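Chain by chain, the residues run as shown.
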Amino acid sequence: MYILLVSDNVLHDPSSNLEALYFCAQTIRTKVQRDYEDLPPNAPLSLRNSLMTLLIKFRQGPPTVRTQLCLGMVALAVHMPPEEWGTGGVVQWLGKELGSHADAIPCLLELVTVLPQEAQSYKISVRPERRRQFQRELVGSVQDAFSLLTSCLREESLREQVLRAFAAWMRLSYGMSAATLATHPLVAASLAGLDSEQTFDAAVDAATELIRFTVSGNPVDLASHMSLVQVIVPRIMALKPRFAAAVKAAVAEKRAQQEIGETNGYDGEDEDEDTMKGMAYLFAEMGESYVDLIASGSNEALMIVEAIAEVTSHPDDNISAITFNFWHRLSQTLTSSDEQEELEEEAAVAAEREKRIAIFKPTFELLVSLVSFRVTYPAGFEAWRKDELADFKQTRYAVADMLLDAAAVLGGDATLRLLSQPLLQMAANVDNGGSWEWRSVEASLYCIRAIAKAVPLSENLILPQVLGILSKLPPQPQLLYTSSLTVASLADWLGVAPSARPLLPLLLGLLTNALSVPEDPCAAAALALKHVCDACSKELGQSVEALLELYRQVMSGQGNFHLASEDELQLVEGLSIVVSALPADKLPHAMEALCIPVMVPLEELVAAAQQSGSSQTFTANQYIAHIDRIGNIFRYVTQPDILAGVFQRMWPLLKLVFVQRAADGKSMERLCRACKYAVRNCGRALGAVMGLLLEELQERFQQQQHSCLLYLASEVIKVYGSDPGCASYLGTLITVLFGQTIRLLQSIQDFTSKPDVADDCFLLASRCIRYCPHLLVPSPTMAPLFSCAMTGITIQHREACRSILTFFQDFLDLPTSHSGKQFRAAVDAVALPAGPTLTRLVIGCLVGALPESRMDEVIQVLLSMTRLYGQLVAQWAQEVIALIPASVVKDAERVSFLQAISMAVNGTDSPTLTRSIEEMSDVCRRNRKVREAVQNALQPATLAACQVSS
């Protein structure tokens, strides 16, 4: 309160400078928004009067101070009950107080604009019920606001402010009659404002809200709003000639720039460009809102489509892109089918759909030509800054999506014909003695690559020609990059089309050559090789020796190849897939050729480290490069028995790496990942070597508590957990791992400093509950583990918190599952004594200890508790809610929350529980002071993980 008084005095002091005035106005606004409840009972009225006096004082500025005071007044309006504003409500009260000052009307309009904007603001710390009540009050004041705004239309200088306020109030006007609005002076002023430079931007906002009003309601009833639609649409369509003239001028300007060698593209006057964007937004908004009506294909609808196509044709990529979402929605509307249609109506519905598609095909053919040229590299692109290159890439991505939308309407084969015409024509010219223009070729290939998914696998006319051209193109880096990615995108076609087989040697030669071109081309070639190997694994069996030789050269550093480590992994993946598809008689030899080039360098590295006496002589990245290659072999070879034999032969080498890099988290993480893939793909074929792996895992975790060791253990549990023959050593494994982890995680500070360990520990626990509950749930480890989870439940790390919450849910759901009833006594022994504390923690998480984004997962834990313990949970919840101070939660809010808990206990209405929890959460999070009070009340006095008995 003292801060408010000081700020108020400074604002009333005529000698205060601008900085002090702004700071104090902002302070008042912030205090009213967040700390209104701290005010004495009579203070709000006094503060309101003071704020009104200050608004009158600063009615002509400074604007920054006046805006802060307006926000403070609106925050006060949200907090104060409606009766304090008189029978007419806050709008009439403000109009009465400020309306008598002619020069205060701009200030009044700013207040009236801010009111609806702040109606749903969560910056204002108000109870949810009061926020909803205030919104209802404003909805009831819409006519008052419109009357006030209408009375201000007489002043031309105020029109921009009036229209902005009108747009804000339209968001609360969805209960009004469309017929009333159609003849309203504010609507007429908004549409007329589109012709004025002064009011254009505000008029665009108002017209946009009017369009959205016509499609409001659930379900949307456009017919009931048609009287307003018939007023809006013609007025916006009247902008079309103006926009078309601007497009023509922009095209001419861009052509002139290109002729004199400028490369910065279209760059009209800022004001004109903003006006063009405003018109473009209106056309696009109209199209998106009325897309269902437009899809009918009527003449009127096609006129709107024509106007939007005009926007798409604008040479400025940013303006053109405004329409892309409309084309996407129109494509979806035209091509989507309603699965709920009756069977007897399907033929008629399909016929109607085809009829509509036929109407719009010419438009989408035009669309292809309007966007495809935008992906062409301009002259001088080499000198671009990074941000310019990034913008160009974003434009290309957007065009690619746009072309897919067009292909959905036109068909992939028809779109392919359109996009390939420039390329095939240029190829014909080259055959007649012409030369390649690489930028045009690259643009065509980029567009073809973009629609590859839409081209039918049966296409047998255009694709063979396109792919046949690739090996003839000049070795320009960007062109080579896009050519390689085009091959990657068409890999599935290469795998099934009979006409593709003669092309494979040419394409493999192209990709091999691209591997020797640094940076982007070699990376794209490696990716393409992976996809071709995946799609054509059987066909490439005849070429496996050549591929393995290429692989050997790349892995050994021979040849003029420039692959980064991650690109080499693509090659390992592709060759692993090809080798897996070989006949059994060829598999052992090929597997050896696959493994030797990655094993030998690692063996040499390990030997060098042994000779030097310390592995620290070498960097983690030196080990990781080799380990990742081995991991990809384990991941992508799909022959369990052969792969298990490879792992057994590699195990002595891998064990040495475990020993040498025990202290290095990065190396251990990659090594555990490689072992994880071996466990997944070999399964129980690993045999005796699995015992050796688990022994190593336990020993390493006792020495160095790397979280990846826990994750590897969880993968072992998935594969071997249900095997009775493995129960003994798995039981020992989890006892050792959990015992060590619980000793690490004794407090929330420990969890916060080691979130990865917490994450993988409780992931392992959840998997034990799912795959081998008999090893964990009845064991002495379970109670300390449960206590440890309670200690860390409020960890802010997202993944660690999610693992803990999932663990609680799995554990509490176990006795209610079909196969887990036998564990009821063991679960009760752990969960019942901890039930009150766990309930306290869970409710604490819901009302502020965890972010709202995690609320759904915490609710699931609470529901699991109610399913298991029923009325006991309701009793525990009642005890917890009683701890929250009365100044924070009202009795009615407590009762509502507890009633929802009781309903969930009875299994009648989980959604009610969710809504009630969200309400309670909003109440308890409404400002920092309240949140801290709630958390201090709910935090258990002592909460630390128990030690595991030895």
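Only a predicted model underlies this, so the values are computations on that prediction, with no experimental measurement involved.

What is the right way to look at the overall build of the chain in this model?
Along its length, the chain carries 48 helices and zero strands. With respect to the three principal axes, the spread of C-alpha positions in the chain is 95 × 85 × 70 Å. Buried positions account for 54% of the 950 residues belonging to the chain. The long-range share in the chain, meaning contacts at least 24 apart out of those at least 6 apart in sequence, stands at 75%.

Mind showing me how you'd approach the environment of Leu172 here?
When you line up the elements, Leu172 lands in the loop between helix H9 (159–170) and helix H10 (178–182). Spatially, the C-alpha atoms of Leu172 and Val142 are 7.2 Å apart, while their sequence positions differ by 30 residues. In contact with Leu172, other than residues within four places in its own chain, are Pro116, Leu138, Val139 and Val142.

Hey, could you run me through the domain arrangement of the chain in this one?
It is common to report an interface's size as the accessible area lost on association of the parts. The domains assigned to the chain are domain 1 (1–175), domain 2 (537–704), domain 3 (714–830) and domain 4 (833–949). Taking only C-alpha atoms into account, the centre of domain 2 sits 31 Å from that of domain 3. Each partner contributes to the roughly 1,300 Å² buried at the junction of domain 2 and domain 3, and carbon and sulfur atoms together form 70% of this total. Three residues stand out in domain 2 for area buried against domain 3, namely Arg684, Gln698 and Phe701, and they jointly supply 44% of the buried area on that side.

Sorry, what's going on with a nonpolar patch on the surface here?
Residues Tyr2, Ile3 and Val6 make up a contiguous nonpolar surface patch of about 320 Å² in total accessible area. Along the chain, Ile3 turns up in helix H1 (residues 2–12).

I would appreciate a short explanation of the packing of aromatic side chains in the present structure.
Note on aromatic pairs: each is described by the distance of the centres and the angle between the planes. What the rule picks out here adds up to 23 aromatic pairs. Between Trp85 and Trp93, the ring centres sit 5.1 Å apart and the planes meet at 85°, which makes this aromatic pair edge-to-face. We classify Trp93 as buried; its relative accessible area is 14%. Each residue in the set Phe751, Phe762, Phe786, Phe807, Phe808 and Phe811 is aromatic and connected to the rest through ring pairs, giving one cluster. We note Arg48 situated over the ring of Trp85; from NZ or CZ to the ring centre the distance is 4.8 Å. The residue whose ring lies beneath Arg131 is Tyr122, and the NZ or CZ to ring-centre distance is 4.1 Å.

Sorry, what's going on with the environment of Pro41 here?
Relative to the elements of secondary structure, Pro41 occurs in the loop between helix H2 (18–35) and helix H3 (43–57). Counting along the chain gives 60 residues from Pro41 to His101, while the straight-line C-alpha distance between them is 30 Å.

Looking at this structure, how should I read the nonpolar core?
Most often, soluble globular proteins keep nonpolar side chains buried together rather than apart. The biggest cluster of nonpolar side chains holds 339 residues, and the ones touching the most others in it are Trp169, Phe283 and Phe634. Counting residues per element, this core draws most heavily on helix H43 (residues 824–849), which supplies twelve residues. Beyond its immediate stretch of four places on either side in the chain, Phe283 contacts Ile236, Met237, Leu239, Lys240, Phe243, Ala307, Ile308 and Val311.

Conventions we followed
- Residues numbered from 1 in each chain as written.
- Predicted model: local features only at pLDDT ≥ 70, side-chain atom pairs only at ≥ 80, totals over all residues.
- Heavy atoms only, no water.
- Helix = DSSP H or I, 4+ residues; strand = E, 2+ residues; numbered from the N terminus.
- Buried < 20%, exposed > 50% of the residue type's maximum accessible area, 1.4 Å probe, protein only.
- Contact = heavy atoms within 4.5 Å.
- Domains from an automatic or database assignment.
- Buried area = accessible area lost by both parts, 1.4 Å probe.
- Patch = residues over 30% accessible without salt bridge, like charges linked within 9 Å, V, L, I, M, F, W, Y side chains within 5 Å.
- Areas by Shrake-Rupley, 256 points an atom, 1.4 Å probe, with all protein chains shown as cover.
- Salt bridge = Lys/Arg side-chain N within 4 Å of Asp/Glu carboxyl O.
- Phe/Tyr/Trp six-rings, centres within 6.5 Å; stacked < 30°, edge-to-face > 60°.
- Lys NZ or Arg CZ within 6 Å of the ring centre and 35° of its normal.
- Core = buried A, V, L, I, M, F, W, Y, C linked by side-chain atoms within 4.5 Å.

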